[in-house]
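Residue-level structural notes
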Amino acid sequence: MPRTTRSAAARPRDDRPARTPTRAPVRLAAALLASVLALTGCQTVAGTEAARRARAAMATTPEPGATATAEAREACVRATGSGCYTFTQLRKLYGTKALNDGGNDGAGTTVAALGVVGSPRLAADLRQFSRALALPAPHLKVVRHKPPDGAKAAPFDEDNAGMLATAREATLDMEALHAMAPRADLVYHQVDLPEVDADGVLDARAADALATAMRTVLSERRPDVLSLSFVMSERGDSAEQVAALARELRPVLAEATRAGTTVVAASGDDGASPGAAQAAQLGAKPVRGVAWPASDPSVTAVGGTRVTLDEAGHRRCADTVWNDRGGAPGGGTSVLMRRPRYQDGVRKVTGARRGVPDISLTASAAGSTMVWFTRGGRGAWVPMLGTSLAAPLFGGIVALAAQRAGHGLGTVNPALYRLGRDGGVRDVTTGDNATEGTTGYRAARGYDLASGLGTVDAGKLVPALAKPD
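Reading the values: rules and limits
- Residues numbered from 1 in each chain as written.
- Predicted model: local features only at pLDDT ≥ 70, side-chain atom pairs only at ≥ 80, totals over all residues.
- Heavy atoms only, no water.
- Core = buried A, V, L, I, M, F, W, Y, C linked by side-chain atoms within 4.5 Å.
- Buried < 20%, exposed > 50% of the residue type's maximum accessible area, 1.4 Å probe, protein only.
- Helix = DSSP H or I, 4+ residues; strand = E, 2+ residues; numbered from the N terminus.
- Contact = heavy atoms within 4.5 Å.
- Axes fitted to C-alpha atoms, helices over the stretch in contact; angles between N-to-C directions.
- Parallel < 35°, antiparallel > 145°, perpendicular 65-115°, else oblique.
- Left-handed = near helix turned anticlockwise from the far one by under 90°.
- Nonpolar A, V, L, I, M, F, W, Y, C, P; charged D, E, K, R; others polar.
- Phe/Tyr/Trp six-rings, centres within 6.5 Å; stacked < 30°, edge-to-face > 60°.

Regarding the nonpolar core
One finds Phe-87, Phe-129, Leu-361, Leu-393, Phe-394 and Ile-397 to be the most contacted residues of the largest nonpolar core, which totals 76 residues. Residue contributions to this core peak at eleven residues, all from helix H11 (residues 387-405). The contact partners of Phe-394, leaving out residues within four places of it in the chain, are Val-264, Thr-300, Val-302, Ile-359, Leu-361, Val-412, Leu-416, Val-456 and Leu-461. Of all hydrophobic cores here, the second largest spans 41 residues; its members include Val-117, Ala-213, Val-242 and Trp-292.

In structure tokens, the structure reads:
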């Protein structure tokens with residue numbers, strides 16, 4: 001089943017025998033930067049000292065001021081040596097601030113995220129985040145989905161590493177969506193579980209529970225945008241269960257997108273081999289592949305880039321494929337899904353199979369982004385990374401396009417593959433998603449299996465997506 005995609009945020013994985021209560025491969029796709037990297041210009045340097053300083057940042061980052069997070073960022077950069085970017089910088093980077101200031105702010109749309117367990121402090125943290133960034137007050141609703149088979153939901157325990165990871169993941173999802181589309185109605189669909197393993201790896205039943213909740217949300221709730229930050233590897237010990245879930249949800253996803261819901265999903269944080277980190281721990285050889293639900297043709301698969309910004313949110317270097325000690329974005333070809341028609345133009349890259357990702361946004365450890373999160377009664381700006389940051393960022397951008405169009409857009413993939421730079425799609429031509437022990441894919445001109453079509457300029461993309469075909 002699922003596991004969270006980078007250590008801190010929830011990311012599900014897919015490594016368990018089908019229908020058994022053993023731990024599975026569902027992972028969450030975002031992680032806390034407790035890691036890794038020191039920043040030097042446009043390069044990164046790994047080291048244990050950077051890791052030590054990153055851990056220290058959890059204790060030293062100050063509370064935000066009324067309207068800015070500059071002081072918090074300075075403290076985080078000193079402590080971690082990483083980007084510690086604010087969502088204010090990201091809003092300028094992707095062009096959503098200018099759109100928001102002009103009234104294109106998501107009003108009238110509903111954007112949702114789906115994950116396990118969630119955070120009891122989600123609403124309070126989102127309000128504090130919104131005040132610090134001088135955003136409109138958030139409109140958040142939490143919908144709880146009961147555990148399967150009438151089981152009792154386990155109470156939240158922040159000393160449980162798995163629950164803490166899912167709490168950070170939920171917080172990241174909603175803060176990223178709110179930053180991009182600050183007047184959209186937010187819904188967090190919380191899938192309660194009877195138990196969560198302390199190491200953050202969820203079991204097969206959790207994968208089934210997520211799939212059941214997905215069906216309910218897509219069939220009955222129909223938000224304008226649904227953001228998913230869990231990944232289940234198509235290959236590995238749990239391949240049979242994942243294949244069954246993918247077959248079951250394929251028509252549901254297709255119908256939901258025809259009805260106007262855009263589904264975006266993180267491509268994963270283990271590069272070209274989902275589950276590579278776990279395989280390495282077990283002494284197994286990683287296997288190339290991609291993860292579901294990002295691999296479904298009705299879903300927009302969102303990969304990760306490394307951005308290097310100045311204080312105003314302007315690029316100091318061209319975006320590159322994220323690849324550092326924090327991980328690398330998922331990318332490759334699906335063994336479950338055939339190439340959709342919208343990828344016919346890139347068949348030389350994908351062959352006969354569905355290629356992942358479609359698009360990429362910031363996700364790196366060196367260019368981490370700060371999320372407001374409370375633990376032990378104390379709030380702090382926590383540096384986060386992973387494609388579960390990139391996915392809701394893109395989901396918020398789609399919400400702006402839905403507002404402009406006056407209706408949900410459904411799948412945006414055909415439009416993305418038609419649009420070029422003039423339509424807000426910016427090529428990423430450097431970097432790769434190789435991880436230790438696995439050959440990945442290199443970025444190149446045009447579509448590639450490391451960055452997809454590249455990244456986005458919302459100022460051009462939003463009006464282009466909102467135009468009728």
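A word on the environment of Pro-392
Relative to the helices and strands, Pro-392 resides in helix H11. Through-space distance from the C-alpha of Pro-392 to that of Leu-177 is 5.3 Å; in sequence the pair is 215 residues apart.

Quick look at the packing of helix H3 (residues 87-94) against H11
It is at 12 Å that the axes of H3 and H11 come closest, and there the two elements cross at 55°. Put simply, H3 runs oblique to H11. The handedness of the crossing between H3 and H11 comes out as right-handed. Of H11, the residues touching H3 (which contributes Phe-87, Leu-90 and Tyr-94) are Leu-389, Leu-393 and Ile-397. Split into classes, the residues belonging to the contact of H3 with H11 amount to six nonpolar, no polar and no charged.

Description of the packing of aromatic side chains
If you walk through the whole model with that rule in mind, you get five aromatic pairs. An angle of 85° between the planes, with centres 5.3 Å apart, marks the rings of Phe-87 and Phe-129 as edge-to-face. Note that Phe-87 is positioned in helix H3 and Phe-129 in helix H5 (residues 122-132), a separation of 42 residues in sequence. Taking relative accessible area as the criterion, Phe-87 reaches 1% and is therefore assigned buried. Measuring from centroid to centroid gives 6.1 Å for Phe-129 and Trp-381, while their planes differ by 55°, and the two rings are tilted. With a gap of 252 residues between them, Phe-129 in helix H5 and Trp-381 in strand E19 (residues 378-385) connect regions that are remote in the sequence. In this structure, Phe-129 and Trp-381 share a single accessibility class: buried.

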